[in-house]
Structures are given as structure tokens and as C-alpha cells.
Amino acid sequence: MKRVSLVLTLAIAAGLAAGPAAAQTLKTIKDRGTLSCGVSQGLPGFSTPDDKGNWTGLDVDICRAIAAAVFNDPTKIKFVPLSAKDRFTALQSGEIDVLSRNTTWTLSRDTALGANFTGVTYYDGQGFLVKKSLKVNSALELSSASVCVQTGTTTEQNLADYFKGNNMKYEVIAFTSADETVKAYEAGRCDVFTSDVSQLYAERLKLSNPADHVVLPEVISKEPLGPMVRHGDDQWFDIVKWTLFAMVDAEELGVTQKNVDDMAKSDKPDLKRAFGTDGNLGEQLGLTKDWFYRIIKAVGNYGESFDRNVGTGSKLQISRGLNNLWNKGGIQYAPPIR
Amino acid sequence: MSIEARSPPSQFAFRLKRALGGRAGWGGVALQIVFVLILTWIGYEIFVNARANLESQRIASGFGFLNNTAGFDVSQSLIPYSGSDTYTRVFLVGLVNTILVSVIGIFFATVIGFIVALGRLSPNWLVSRVAGGYVELIRNLPILFQMLFWYLAVLAALPGPRQSISLFGIFFLNNRGLIVPSPIGEPGFGPFMIAVLVAIVASVILHRYARRQLFQKGIAIKVWPYVLGLLIGLPFLTALVFGMPFMLELPQLKGFNFAGGVRVIPELVALVVALSTYTAAFIAEIVRAGILAVHKGQMEAGLSLGLGRGSVLRLIVIPQALRVILPPLTNQYLNLTKNSSLAVAIGYPDLVSVFAGTTLSQTGQAIEIIAITMGVYLALSLLTSAIMSFYNWRLSRSLEA
């Protein structure tokens, strides 16, 4: 890990980030022929490789959608697995074009890191995973517990705030990768494993006996997860932002991967604008007229991606909750394509 | 007609020419100046370019972040620390933890290394084979792998806090570490510490006096009974006069963990064990080479004087061997210090973990933090080298005298 960040640091120092050229991310990607996408080192549901090296997940679908919009080919991607600690340095140095790695949107990350969040792919919150045998029913009973956490995350700070705020003592043991953290939890080094709730459900599947562990009801923080791009290239910022919006809008418009070909022939004005049969909205983004079609054809709409990766169609079985559309009881809301 | 004395060529210019240009003369000097200029220019370009890029992307830079609140906790800290302290404090916590591991590791590595080396040279077949096997096994396995082995093996074998292994109800061993009673100072603590100090100083003086008597007058004085008496008797007497120096606070199971007492976390244990056994394998070979480098005639001469094998080693062979041992031994000490940065893999909060890890990803100021961290390791290494050079200098002086 240390070596990676050292190399990346030197890369920044040596100016490989190429400040003036940063405004041409789209051109650079097209010249290179692949999109470089920063993902996790393996988090089921969000970004995880299978035994053949194919990446899947909600975060991966964002990258696939961008690649589809740019190249009309969702496979032209180089996935760069990053630890929580190295992810921002990789983005700053230009090693990746977009960071889509269950990253929480906070003010300091939006500003001082030299990067921008483009939207929220998943509304999450921090929770606690404990062994059932401890007979703990609430996070407020965790005083004097040992807590395993992954270093370089907002989780670490929320944890300190929560225990301090409730006048509880605790011991924190921080590891670099999620795998090491879970291993230490399973070995009994800690009583509690804390992370974003979605991640707790995903990691629980990796434990030898998932049924022996339970996620406590308390959610102690807001964790809006979303993709990030570098400061200084508004065109690229728009493309990544509207790729997610397109997926959310598609769900609202009822466009799915299956019916996309039929819907493209529709006469409805909002669909005609989205599909580019009326106007040139895609070209305004710096893409092609059929950008919307390409995205939905490749990965489907937001709801489909959610169900396939983390929802009812997956092992994780997470309900939509906050991540449902705004008109269905959730808070996922995308500005109109017009 | 007077012969004018030829003035000698300017010594200063000559020396300068030799120092800077070597045999190449002034041409060499010019070449070196050009080289330094190019190097400076490259350094300047890197600096300016990095600053311009950071500014254009509006990435925060500078060292102001050190005064910001860290907002996260650390599992082991020898100095008072809480989440509301600054990043400077985090840096110090990490630094102290790194130094702690290095010092303990160096101590045990040296002790184990010497024992294994002597074992390998032992005439006893079994002892020398066991020592040889140790060296070959340990030094040929990657250090990170050994760390994970110790950490996970230690953890997996130990029970949880509620089923702790208890020694006399005073010491407790579980998968959260080793918990020992912590001493709490009582009124007799001050005089007790003074007594200990006095005893140590007196012992050192006594030892020096005996040495001088031996070298100058040839009188051998047995000092160890006096030293033992001083070190144990004096503090004991003080405790009798002034009362108990400290009370022991016994650890008690409370909630999930033990409260009270001092806890040695398993991460520290695993790290120290892995680092010291690994480095000891190399030190053993260095020590063995050093001892073999001393001519065997020295050993034979000592034995023929009627000294025992141990005395010959201690008085004749090892002092000479140390001259060969010290430089490569320094290398091993430096390696151990640098290897301690692998601690991050097993969750020990060293400098790389809390500062170049957590602090870096929270502030995003990679260049500053990596520069500081590299500076610290450089300083630690140079300091170790300096101490060892000083020792080497003293040693060679005493051997020449």
C-alpha cells in the first residue's frame, strides 16, 4: 500500500497530472481507447471481480454506462482496484478518470482534495455488525467494546464522534483493506465491525457462518456514496454527472434495457429529447445524440442496476428504501433531460 | 646575485582543484558545477510544476492541516491522545509507536541473534543443527508473511476476554492482548526511584573501579555480589523505611473487555516477534561470520591460558569480532526499523498507518505527508547509524589502546 501511494505521490510531484491538459479528459480517454475507472478491491454488490476477472456491481455499472456513452462499448474500461486510503491520490494524480468506489460525499472531500462529487449512486449510513452470541440489541450497549474499522474512511471519524457523543469508551483497531478488517473481526480481535450498512451486509456474506452475525438497528451517520472526478474539467464533470441522471431518469420514464429499442421509436416528447431523435442534447454534453440509448442498452436503468447488484435480484437482498425514486417514497431524483 | 626563492604554488587553489576536480583538474571542476546546476534546475522544475498543478486543480497544499482536529482514535498511544487532538499529535503518536517497536525489536533481535550464532558454532551437534535450521527457515520466508502468521496464529489460538487465560488472577491473556496490573504511585514512590538510581550509579562506579584495579595492579575483585546487594538491598530498605512505593491495580472484566491494568495489544506482540525473529536470523549469520573471522589461534591461546570456553569468547574473541560485526549489524538495525512500516498490514498504529495512512486519506495532502514520513525514516536511520558509528569508534579506540 505504501509503495502505491509513494508512486502516486511522485507522479503528482513530477506533474504527470498535467494541470493545463486536465480540461481535455474526454479527448484523452478517446485517444487512449479505454476509460480508467477506480473501484474497490472487492465489495460484493458495488464492485467485485468474478473468477474470470469480469467486474460487476452498482459502482461498476456507472463506469460501464460512461464507457457506453463515450465508446458505445461498455467493455472498454480498465478497472483500477484501490484501497480506501489510496483512492484519492489515484484520482489526483490522473491515474484514473473517474472514482466510482462507494465514496462518501463530504464537504472537505468535495473541496480540499481537488475533486468533485457528481451525484449520489447510493444513500447509505453507518452501522454496526456484531456476533449474535454477545446478545447486544443496540449500539448504545457497546461501551468498552473493541471495534474493527477500515482506515481512511469517514467511518473512522463517525465512530469517534458517536462514542464520544454518547460517553462510551471503546478501542479501535484500524486495517488498510476490508478483507483484513473482516478477518480480524472473525478471529475475535474485535467485538464489533463497523462500516456503511450496505457494506456490512456484503461483508457478512463472506463470513463462515453469516447467520451468527447481526447488523444493529442504529444508523449513526449519513453516507451518500457517489462517483468523483478531478477539478478543472467541467465537460467531463457534466458527462459523469448526467450518466447517472440518465439512468435515474430512465427508470422514471419507464425505459428498461429490454424495452429500450421500442421506447426509442416513441413519439412522446420527453423520450424523443432523451433519445436524441429531437434536438442534440447529447452533443451538448460532448457525446453523441444517442448517448441515452447507449447507456440504457448497456447497463439498464438505475432500478435495474440496483436490483441486479444489491437488491432483490442479488444475494444482498437490500430493499430500495431511501434509494427508491422520489415519486415512490425514496429520495433518488434526477433533473430533467431537456 | 641573489637567487630569488621560488614561491610555492598556492596551496589553497591546488587543494580546491584536487577536492573538486580530482585528477581531471579544472575541467572536472567545471563539469561538476554544470552537474549541480542541472540537478538544481530539475529539482526547481519539479517543485514549480507540482505547485502549479496543485493550484490549478485547487488541491489544498501547505502544512496548515497539521493544526486541524484529527477526529479519529488510535488503539495504542504512549502519549495522551484523544480524537479531539490535532494531526500533529497523531504524527507524534505514530512516531512514538514506530520507535517503540524498533527499539524493542532491535533489543530482542540482538539477543536472539547472538544466542543463535553461538549455538550454531557450538560443538554440540544438536544445538548447532537446531540453530542452523532456525536461520535457514526464518530468513528464507518473507517478513510480511511471518507477521501475518504470528498475528493470525496468536489471535486464533487465544480465547475471548470472557474465557481469558488467567495467571494467579493477576495476569490475563486473551485475544485482546496481555493484561498486566498497572502500578499506581504511592508516597514511597519518589524515594524508591532515587534508591534505584543510586544503586545503578554505584554499581557502575564499582565496576569501573574493579576494572582499573585489574588493568593497573592485576588485582581481580569479584564485584557481582556487591552489585546484586546494592540493586536489591537499597530499594528494599527504602521501601521498608518509606512504605510501599506503589500499589498494583488489578485488571477486572467489565463489559466486553478488561478495565484497569496495562494492556499489551496483540498487534504489538505479533510485530515485535516477527521483526525480532526475522532480523535475528540475519544477525546470527553476521555474528557467526565475525567470530569465525577472528583467527582460531586466539581461541587456542586463550584456552591454553586455562580460561574456560565462555571466558575466551567473552574476553578475547567477541571484542575482536565486534569490529567485523558492527557495520553489517547497523544495516540490520536499519532494516528492522524500516520493516516496521509493514505494521499497517496487521493494524498496529505505527507512523505509516496513522499518519501516512489515515491522515493522508483524510486530508488528501499526499506530497506533504509522504515527504514528512520519508524525512522521519531518514532521520531515524541516520540517528541509528550515528549511534553505531560512535560505538564503533570507541571500540576501535579501546582495541588500539
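Counting restarts for each chain, with residues numbered from 1 along the sequence as it is written. Chain letters start at A and ligand numbers start at 1, both assigned in the order the entries are written. Residues qualify for local features only when their pLDDT is at least 70, as the model is predicted, and side-chain atom pairs are given and counted only at 80 or more; totals for whole chains, interfaces and linings, by contrast, use all residues.

Undergrad: Quick question: what am I supposed to make of the overall build of chain B here?
TA: Here a helix means four or more residues in a row that DSSP labels H or I, a strand means two or more in a row labelled E, and each is numbered from the N terminus. Scanning chain B from terminus to terminus reveals 12 helices and eight strands. Counting only C-alpha atoms and orienting by the principal axes, one finds that chain B spans roughly 100 × 75 × 50 Å. Any residue surrounded by 20 or more other C-beta atoms within 10 Å of its C-beta is treated as buried, while 12 or fewer makes it exposed and the intermediate range makes it partly exposed; C-beta atoms here are placed from the backbone. When the 401 residues of chain B are sorted by exposure, 29% land in the buried category. In this description, any two residues whose backbone-derived C-beta atoms lie within 7 Å of each other are considered to be in contact. A separation threshold of at least 6 residues defines the contact pool for chain B, and within that pool the share at least 24 residues apart is 66%.

Undergrad: Where do I start with the confidence of the model for chain B in this structure?
TA: Residues and elements named next belong to chain B. Residue-level confidence of the predictor is what pLDDT reports, using numbers from 0 through 100. The predicted model of chain B averages 86 in pLDDT, with 97% of residues at 70 or higher. Element-level pLDDT for chain B is lowest in strand β5 (residues 246-249), with a mean of 73, against a maximum mean of 95 in helix α4 (residues 125-139). For this predicted complex, the interface score ipTM comes out at 0.79, alongside a pTM of 0.81.

Undergrad: Explain the nonpolar core to me, please; I cannot follow it from the model alone.
TA: Inside soluble globular proteins, nonpolar side chains tend to come together where they are buried. We define a nonpolar core as a collection of buried residues of the types Ala, Val, Leu, Ile, Met, Phe, Trp, Tyr and Cys that are connected via C-beta atoms lying within 7 Å of each other. In this structure, A:Ile66, A:Ile295 and B:Leu271 are the most contacted members of the largest nonpolar core, which totals 155 residues. Take this core: its biggest share by element is 15 residues, from helix α8 (residues 266-293) of chain B. Each domain's limits were defined by an automated method or a database of domain assignments. Lining this core are residues from two domains, each supplying at least three of them: domain 1 (2-123 + 225-328) and domain 2 (127-221) of chain A. The residues touching B:Leu271, leaving out its near neighbours within four places in the chain, are B:Val101, B:Met147, B:Ser340, B:Ala343, B:Ile346 and B:Tyr348.

Undergrad: For this particular structure, what's the right way to read the interface of chain B and chain A?
TA: Think of interface size as the accessible area that goes away when the parts come together; that is how it is often given. Counting residues at the interface gives 42 residues for chain B and 46 residues for chain A. When contributions to the side of chain B that touches chain A are tallied by element, the ones reaching two or more residues are α2 (26-56), α5 (143-157), β7 (257-259), α11 (351-363) and α12 (366-400) of chain B. Top element by residues in the side of chain B that touches chain A is α11(B). It accounts for seven residues. Its residues placed into classes, the side of chain B that touches chain A shows 20 nonpolar, 18 polar and four charged. Gly is put with the polar residues, along with every residue not named as nonpolar or charged; the nonpolar set is Ala, Val, Leu, Ile, Met, Phe, Trp, Tyr, Cys and Pro, and the charged set is Asp, Glu, Lys and Arg.

Undergrad: Honestly, the environment of B:Ala366 in this entry has me stumped. Any pointers?
TA: Tracing the backbone through its elements, the reader meets B:Ala366 in helix α12. With 25 C-beta atoms packed within 10 Å, B:Ala366 lands in the buried category.

Undergrad: How do you make sense of helix α13 (residues 291-299) of chain A when you look at a structure like this?
TA: Because each turn of an α-helix spans 3.6 residues, side chains separated by three or four positions in sequence point in the same direction. Residue and element names in this part refer to chain A. With respect to burial, α13 is a largely interior element, eight of its nine residues being buried. Listed in full, the buried residues belonging to α13 are Trp291, Phe292, Tyr293, Arg294, Ile295, Ile296, Ala298 and Val299. Among the structural elements, α3 (58-71), α9 (234-253), α10 (260-263), α11 (269-275), α12 (281-284) and α14 (302-309) are those in contact with the buried residues of α13. With its phi angle positive at about 85°, Gly300 sits one or two positions after the end of α13.

Undergrad: Explain the domain arrangement of chain A here, please?
TA: Residues and elements named next belong to chain A. Taken domain by domain, chain A consists of domain 1 (2-123 + 225-328) and domain 2 (127-221). The distance between the C-alpha centroids of domain 1 and domain 2 comes to 29 Å. In this complex, domain 1 contributes 15 residues to the contact, which on the side of domain 2 involves 14 residues. Split by residue class, the side of domain 1 that touches domain 2 holds seven nonpolar, six polar and two charged.

Undergrad: Honestly, the packing of α8(B) against helix α10 (residues 309-339) of chain B in this entry has me stumped. Any pointers?
TA: Packed helices, taken two at a time, are described by the angle between their axes plus the distance between the axes. Residue and element names in this part refer to chain B. Axis lines are fitted through C-alpha atoms, for helices just across the contact stretch, and the angle between N-to-C directions can take any value from 0 to 180 degrees. The geometry of α8 relative to α10 is characterised by a closest axis approach of 8 Å and an angle of 155° between their N-to-C directions. Here α8 is positioned roughly antiparallel relative to α10, judged by the angle of their axes. By crossing handedness, the relation of α8 to α10 is classed as right-handed. Across from Leu275, Thr279, Phe282, Ile283, Ile286, Val287, Ala289, Gly290, Ile291 and Ala293 in α8, the residues of α10 making contact are Val317, Ala321, Leu322, Val324, Ile325, Pro328, Leu329, Gln332, Asn335, Leu336 and Asn339. Tallied by class, residues from the contact of α8 with α10 come to 16 nonpolar, five polar and no charged. To sort the angles, those under 35 degrees are grouped as roughly parallel, those over 145 as roughly antiparallel, those from 65 to 115 as roughly perpendicular, and the leftovers as oblique. For any pair of crossing helices, the crossing counts as left-handed if the nearer helix is rotated counterclockwise from the farther one by less than a right angle, and right-handed if it is rotated clockwise.

Undergrad: Just checking my understanding: could you explain α3(A) for this structure?
TA: Residues and elements named next belong to chain A. The end-to-end C-alpha distance of α3, which contains 14 residues, comes to 20 Å, matching closely the 20 Å that a straight helix rising 1.5 Å per residue would cover. Counting buried residues along α3, 13 of its 14 residues qualify, which places the element largely inside the surrounding structure. One or two steps after α3, the chain reaches Asn72, where phi turns positive at roughly 60°. One less than the number of residues in a helix, times 1.5 Å, gives the span that helix is expected to have.

Undergrad: Quick question: what am I supposed to make of the sheet that holds strand β1 (residues 165-167) of chain B here?
TA: Strands belonging to one sheet form pairs held by backbone hydrogen bonds; the direction of such a pair is parallel or antiparallel. Residues and elements named next belong to chain B. Read across the open sheet, the four strands follow the order β1-β2-β3-β8; overall the sheet is antiparallel. Since the sheet does not close on itself, it has two edges, and those belong to β1 and β8 (262-264), each with one partner. Neighbouring strand axes in the sheet, compared pairwise and without regard to direction, differ in orientation by 20° on average. DSSP-based pairing: two strands are paired if at least 2 bridges between them are found. As defined by bridge partners, strand β2 (residues 171-174) adjoins strand β3 (residues 177-180) across three bridges and the pair is classed as antiparallel.

Undergrad: Explain the sheet that holds strand β8 (residues 126-131) of chain A to me, please; I cannot follow it from the model alone.
TA: Residues and elements named next belong to chain A. Pairing in this open sheet of five strands is mixed, and the strands run β10-β9-β11-β8-β12 from one edge to the other. Of all strands in the sheet, those with a lone pairing partner are β10 (170-175) and β12 (213-215), marking the two edges. On average, adjacent strands in this sheet sit at an angle of 30° to one another, irrespective of strand direction. Looking at chain direction, β8 and strand β11 (residues 192-196) are connected through five bridges and run antiparallel. Looking across to β11, one finds that Phe128 is bridged to Thr194. Packed onto the sheet, helix α7 (residues 178-186) meets β9 (145-150), β10 and β11 and runs at close to 160° relative to β9.

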